[in-house]
Each structure stands twice: as structure tokens, then as C-alpha cells.
Amino acid sequence: MRSTRFIRGATVVIVCMAIAAVGWWSLRADGPEPVNLEEAVALLETAAGENGGSSAFEPEGRSLASAPTTEGPGTTSSAGPDAPATASTTSASHHTLPAVIETRSLDTEAAGLAGVWTVATTEGADGPTDEAPVSFAGYRVVEVLAGGVDESTVVGRTAAVSGAIELSGGALVAATVEVAMATLRTDDSHRDSHAREALNTGEFPLAVFNLVEPVELPARILDGESLSTAAVGDLTINGVTNRGVIDLEAQLAGDTIVVVGSAPVIFSDFGVTAPMSVAVISVEDHGIMEFQLFFTR
């Protein structure tokens, strides 16, 4: 009799826990939306407006507003930040940028863009938000609740990102981005702990991307137009390196280069086994790597 009551009681507890888990799963807040270039630029411009028009990141070096502009073969001119708009300047997205004659690729030297640009971060930021222009990297993966009653897209992100790009000639010629994997956070600390174990962050704390092929830059980006392209590079996670392609969108916004991107990642390709928990019956072996980066000088 006692064993029967015990079994019934245990069954009730398990059912209640399952109901509570489903309820929590269904009622919890949705994760952040995928990275979006237009929204990233808008955040940057809003922050710049709140700073009186200056960059949200206070980069060193001259403003792009003073970069030389191409007026014709062999001639250049310089337009200061207070110069009125003329045939050699054009206004776009709340900032004045040099106008150039449309060519196949951008002359980064003439436009004053050549050189190294580094990832800018907001001082003191402990993670990405929807209210501030924070550089971040992260992932999106689908997990299914035990019993298959529901599934959810889990989003993990971190602002612990560093790196740099180099512009030369008419192209992006080098790029390196590093991410501190142990700082990735979702809405569940227990899941984060399992993810750190799966990613082996104790032995391999960094994920690294290195560009291996130049990316041509069109001249029209000086008019505030966005660039959609693909970058071929080596991605290292858990000490394993694979070559792949990342879809990128970029835009020149004032004195900041805004870049967002994403790429599918198969965990097993990097020796990673998808983490599991009591409440989750399965986690897909693939996900989406994504990032939002602001580069300044």
C-alpha cells in the first residue's frame, strides 16, 4: 500500500514538474532577433545624437568628413565637417560623406579609409542589449523540450569580442575577430554551464575567425549604401579549424564601419557535442553563428 502511494505521489510530482517546465518554456521572453544592419546603424546614429553628434565610441584619428574626395582623374579636394554641400559632397544617413565617381572598387587611399580599424566596445558592457550600439558575437540554436511538447530558438551572446580589419587598395585585405567563448550567455545559467563544458572553454577559451581572401569594396559605400557580400575565412572553435563562408552586410556610418554577419555551423565539425539537460530532449547539431561589430580608428 505504501509503495503504491509512493509511486502515485512520485508520478504526481513528475507531472507537476513537467507542467511547470512547459509553462516556464511557453511564458519566458523571446530571445533577441537575428542581427540586422539597419537596426545596428540606427542604434549607432541614435547614440551619436545623444552625444551631440560625436561618435558613440570616440575613435581616435580624423573624421571621415575630412577625407579627400575624388572629383576627377588626378584631382582631389578636402571638405571639412562644416563645409556646405557642393558637387563634391553628398549627404546620407545624417552624415556628410565624400562623393566619388562610380568605379568597380573603392579607392581606400583617396577616400581616407585605408589602414587598420579595430572592434569598438562600450566600456563596462557585460553583454549585448537592444538599447546600445554594442559589438557582440553569439549563436542561435533550436532545442526541443522533453516529450517533444515544444521547441525554442536559444540565443547566446557576448560582448567580449576583439579584433581588427585592414582596408587597402580597393578591398578589405585582412580581418581577425576573437570571441571569449566562456562569456556567452543565454537566459538560463544552467544551459550556459553545459555549453561551456561542450565548447571546452577551459582549454580553448577563444573562437577565432581569420579572413583568407580579400573582399572587394564598391565605391558606392561612400554614399551611405550598404554592402552585401561573403567573406571566406578560417574559423577556429574548440581548437579545431575549418574554412567556410560568412555572409556579411556592412555600411559606413559617419566615422564607424558597421558590420553584421551570420553563417551556419555544424557543431560536430568542431568536435563539439550539443549540450543536453533534464528538461531538454534534443539540441540540433547545427546552429547559426552571428555577430554585430562596430569598427573605428
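Since the model is a prediction, treat every value here as computed from it, not as a measurement.

Reading the values: the criteria
The residue count restarts for each chain, going from 1 along the sequence in the order it is written. Where totals are concerned, whole chains, interfaces and linings use all residues; where local detail is concerned, this predicted model gives features only for residues with pLDDT of at least 70, and gives and counts side-chain atom pairs only at 80 or more. For side-chain calculations, the full set of non-hydrogen atoms in the structure is used, while hydrogens and water are omitted. How sure the predictor is of each residue is captured by pLDDT, a score from 0 to 100. In DSSP terms, a helix is any run of H or I states spanning at least four residues, a strand is any run of E spanning at least two, and both are numbered starting from the N terminus. In what follows, a contact means two residues having at least one pair of non-hydrogen atoms within 4.5 Å. What makes a nonpolar core is a set of buried Ala, Val, Leu, Ile, Met, Phe, Trp, Tyr and Cys residues whose side-chain atoms join them at distances within 4.5 Å. We call a residue buried when its accessible area falls under 20% of the maximum for its residue type, exposed when it is over 50%, and partly exposed in between, using a 1.4 Å probe and counting protein chains only. In this scheme, strands are said to pair when DSSP sees at least two bridges between them. Expected helix span is given by 1.5 Å per residue-to-residue step, counting one fewer step than there are residues. Identification of polar contacts relies on pairs of N or O atoms within 3.5 Å, with a donor-acceptor requirement for protein atoms, meaning one able to donate a hydrogen and the other able to accept it, and with residues adjacent in sequence counted only if both atoms are side-chain atoms. Whenever Lys or Arg places a side-chain nitrogen within 4 Å of a carboxyl oxygen from Asp or Glu, that contact is recorded as a salt bridge.

S.K.: Describe the confidence of the model for the protein chain, and please don't skip the residues or the numbers.
M.R.: For the protein chain, per-residue confidence averages 76 on the pLDDT scale, and 63% of positions sit at 70 or higher. Within the protein chain, strand β10 (residues 206-211) carries the highest mean pLDDT (98), whereas strand β3 (residues 89-92) carries the lowest (34). Note on residues 12-29: pLDDT under 50 across the span, and 15 contacts to partners over four residues away in sequence or across chains. Considering only residues more than four positions removed or in separate chains, one finds that residues 58-103, a stretch of pLDDT under 50, has 84 contacts.

S.K.: Would you mind going over the environment of Ser262 in detail, with residue names and values included?
M.R.: Along the chain, the position of Ser262 falls in strand β14 (residues 256-266). In the structure, Ser262 is positioned 28 residues away from Glu290 in sequence and 4.2 Å away in space, judged by C-alpha atoms. With residues up to four places along the chain from it excluded, the contact list for Ser262 reads Ile246, Asp247, Ile288, Met289, Glu290 and Phe291.

S.K.: Before we move on, could you go through the nonpolar core and cite the residues and values that matter?
M.R.: By size, the foremost hydrophobic cluster in this structure holds 47 residues, and its most contacted members are Leu113, Ile257 and Phe295. Leu37, Val41, Leu44 and Val258 belong to the second largest nonpolar core, which has ten residues in total.

S.K.: Let's hear about the pairing of β14: which residues, and what values?
M.R.: Remember that side chains alternate between the two faces of the sheet whenever the strand is regular. Taken across its eleven residues, β14 has eight buried, putting it largely inside the fold. Bridge analysis of strand β13 (residues 240-253) against β14 gives seven bridges, and the strand direction is antiparallel. Bridge pairing links Gln251 to Val258 in β14. The hairpin turn running from β13 into β14, its antiparallel successor, is two residues long, and Gly254 in that turn takes a positive phi close to 65°.

S.K.: Provide a residue-level description of the pairing of strand β12 (residues 227-237), including the pertinent values.
M.R.: Pairing of β10 with β12 involves four bridges; the strand directions are antiparallel. Paired with Leu211 across the bridge in β12 is Gly233. Direction of pairing for β12 relative to β13: antiparallel, over a ladder of eleven bridges. Along β13, the bridge assignment pairs Thr236 with Thr241. Count of turn residues in the β12/β13 antiparallel hairpin: two residues, of which Asn238 carries a positive phi of about 55°.

S.K.: Break down the side chain of Thr201 for me, with residues and values.
M.R.: On the secondary structure map, Thr201 appears in the loop between α4 (189-199) and β10. For Thr201, a relative accessible area of 11% gives the class buried. Not counting chain neighbours up to four residues away, the residues in contact with Thr201 comprise Met181, Ala182 and Arg196.

S.K.: Give me the lowdown on helix α2 (residues 37-50), citing residues and values where you can.
M.R.: Counted at 1.5 Å a residue, the expected span for α2 with its 14 residues is 20 Å, and the 20 Å between its end C-alpha atoms agrees. At the N-terminal end of α2, a side-chain oxygen is found 3.0 Å from the backbone nitrogen of Glu38, two or three residues along, and the residue is Asn36.

S.K.: Kindly report on the pattern of salt bridges, identifying the contributing residues and their values.
M.R.: Across all of its chains, the model carries five salt bridges by this definition. With a closest N to O distance of 3.0 Å, Glu290 and Arg157 form a salt bridge. Taken together, the residues span a long stretch of sequence, with Glu290 in strand β16 (residues 286-296) and Arg157 in strand β7 (residues 151-158) at a distance of 133 residues. Note on accessibility: Glu290 and Arg157 belong to one class, buried. A salt bridge links Asp234 to Arg243, with the nearest nitrogen and oxygen atoms 2.8 Å apart. Through salt bridges that share partners, Arg140, Arg157 and Glu290 make up one connected network.

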